[in-house]
Amino acid sequence: MAVLAWLLIPLVAAIGAGLWGSWANRTRKVRGDGPELDGYARFRAAMERSHTGS
């Protein structure tokens, strides 16, 4: 009987981890690459301005 208890501990932990993972992932919103690409474009423009001035 003690062996069954030790086998149930990882099983319950795995089920709990799966439930928590699905719950944690449900609130994630899909974001596009728009803000990152806009920031990169601003960075490139700033680097070009500072490089052409010297």
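See the structure shown above.
Calculation criteria
- Residues numbered from 1 in each chain as written.
- Predicted model: local features only at pLDDT ≥ 70, side-chain atom pairs only at ≥ 80, totals over all residues.
- Heavy atoms only, no water.
- Salt bridge = Lys/Arg side-chain N within 4 Å of Asp/Glu carboxyl O.
- Helix = DSSP H or I, 4+ residues; strand = E, 2+ residues; numbered from the N terminus.
- Buried < 20%, exposed > 50% of the residue type's maximum accessible area, 1.4 Å probe, protein only.
- Patch = residues over 30% accessible without salt bridge, like charges linked within 9 Å, V, L, I, M, F, W, Y side chains within 5 Å.
- Areas by Shrake-Rupley, 256 points an atom, 1.4 Å probe, with all protein chains shown as cover.

Draft legend 1. Broad picture of the pattern of salt bridges. The full count for this structure, using the stated rule, is one salt bridge. The partner of Glu-48 in a salt bridge is Arg-44, and the shortest N-O contact between them spans 3.9 Å. Of this pair, Glu-48 and Arg-44 both sit in helix H2 (residues 34-52), four residues apart, which is roughly one turn of that helix. Overall, the relative accessible area of 46% leaves Glu-48 in the partly exposed class. According to the relative accessible area criterion, Arg-44 is partly exposed, its value standing at 44%.

Draft legend 2. Structural detail: a nonpolar patch on the surface. A grouping of Leu-8, Leu-11, Val-12, Ile-15 and Leu-19 is seen on the molecular surface, where their side chains present a nonpolar patch of about 490 Å² in accessible area. Positionally, Leu-8 belongs in helix H1 (residues 2-26). A residue is classified by how much of its surface remains accessible, and Leu-8, at 46% relative accessible area, is partly exposed.

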